[in-house]
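# Examination of the molecular architecture
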Amino acid sequence: MKTLIIIPAYNEEGSIAKVIADIRHHAPSVDIIVINDGSSDRTECVATEAGARVLTLPYNVGIGGGMQTGYIYAQRMGYDIAVQMDADGQHPAAELPKLIEQAKAYDLVIGSRYVEATDYHSPLLRRPGILFFSALVTLVTRQRFTDTTSGFRAAGRKVIDLYADYYPMDYPEVESIVYLKRRGCSITEVRAEMHERQAGKSSITPIKSVYYMIKVTLAVLMSALRFNRTAVSK
């Protein structure tokens, strides 16, 4: 199936070439597009030299805007599967065949660090947030999820179309699951090993973490409320 790897990247010149090389080694038949999200470093140049197609946004729009750009591209170019991967080396390409294979049967496949035991150890301060959001989404969707913050995902054509039309802008991973479930999409999690960030620096600070928790919780609850009101009105 025609498969596209979407890599949103903001100032990831230190890791992007290695990520692209890893994909080429483990999944040589896929296409790669790097969404250069207004980087101020050499991300665009390094990614191009590594052999990826690069779309450069004129300014930083965040992960949501970057990913929606990738899904719009996937939709317009007729891809059957689109896989989201981080540019910082956290997602090993050796796991790609597993996600791509499952995406033939499900609308969305999430690479999970927790659905089964892996070697990954979450930072102590992040683990409570991961558990909280997994419980919240499980409650709202009535389907068990273990890793709602994972950005390692494979989407089929139905999801590509839905995400091209709408994708949450700010910290979108959690809300985007609820969005799909409310539109009847089939979603599964598969065990996936992940690494710590290989280069660069995370943009999530302690203050941003508090904002993230409040914003995403409200977004999930509002999404569920909007859907329930629509269902009742019908």
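Residues numbered from 1 in each chain as written. Predicted model: local features only at pLDDT ≥ 70, side-chain atom pairs only at ≥ 80, totals over all residues. Heavy atoms only, no water.

## A look at unusual backbone geometry
Residues other than glycine seldom take positive phi values, yet Asn-11 does so here, at roughly 55°. Its location among the elements puts Asn-11 in the loop between strand S1 (3-9) and helix H1 (16-26). Residue classification places Asn-11 among the partly exposed positions, given a relative accessible area of 25%. Residue Arg-142 is not a glycine yet carries a positive backbone phi of 65°. Within the fold, Arg-142 resides in the loop between helix H5 (127-141) and strand S6 (153-155). (Helix = DSSP H or I, 4+ residues; strand = E, 2+ residues; numbered from the N terminus. Buried < 20%, exposed > 50% of the residue type's maximum accessible area, 1.4 Å probe, protein only.)

## Considering a nonpolar patch on the surface
Nonpolar side chains collect at one region of the surface, where Val-210, Ile-214 and Leu-218 lie side by side and expose about 290 Å² of accessible area between them. With respect to the helices, strands and loops of the structure, Leu-218 is situated in helix H8 (residues 206-233). (Patch = residues over 30% accessible without salt bridge, like charges linked within 9 Å, V, L, I, M, F, W, Y side chains within 5 Å. Areas by Shrake-Rupley, 256 points an atom, 1.4 Å probe, with all protein chains shown as cover. Salt bridge = Lys/Arg side-chain N within 4 Å of Asp/Glu carboxyl O.)

## So, the nonpolar core
Residues Ile-6, Tyr-71, Leu-108, Tyr-163 and Leu-180 are the most contacted members of the largest nonpolar core, which totals 36 residues. Counting only elements with at least two residues in this core, the list comes to S1, strand S2 (31-37), helix H3 (62-76), strand S5 (108-112), H5, helix H6 (157-165), helix H7 (173-181) and H8. Per element, the largest residue contribution to this core is 5 residues, and it comes from H7. Setting aside chain neighbours within four positions, we find Ile-6 in contact with Ile-33, Ile-35, Met-67, Gly-70, Tyr-71, Ala-82, Val-83, Gln-84 and Met-85. (Core = buried A, V, L, I, M, F, W, Y, C linked by side-chain atoms within 4.5 Å. Contact = heavy atoms within 4.5 Å.)

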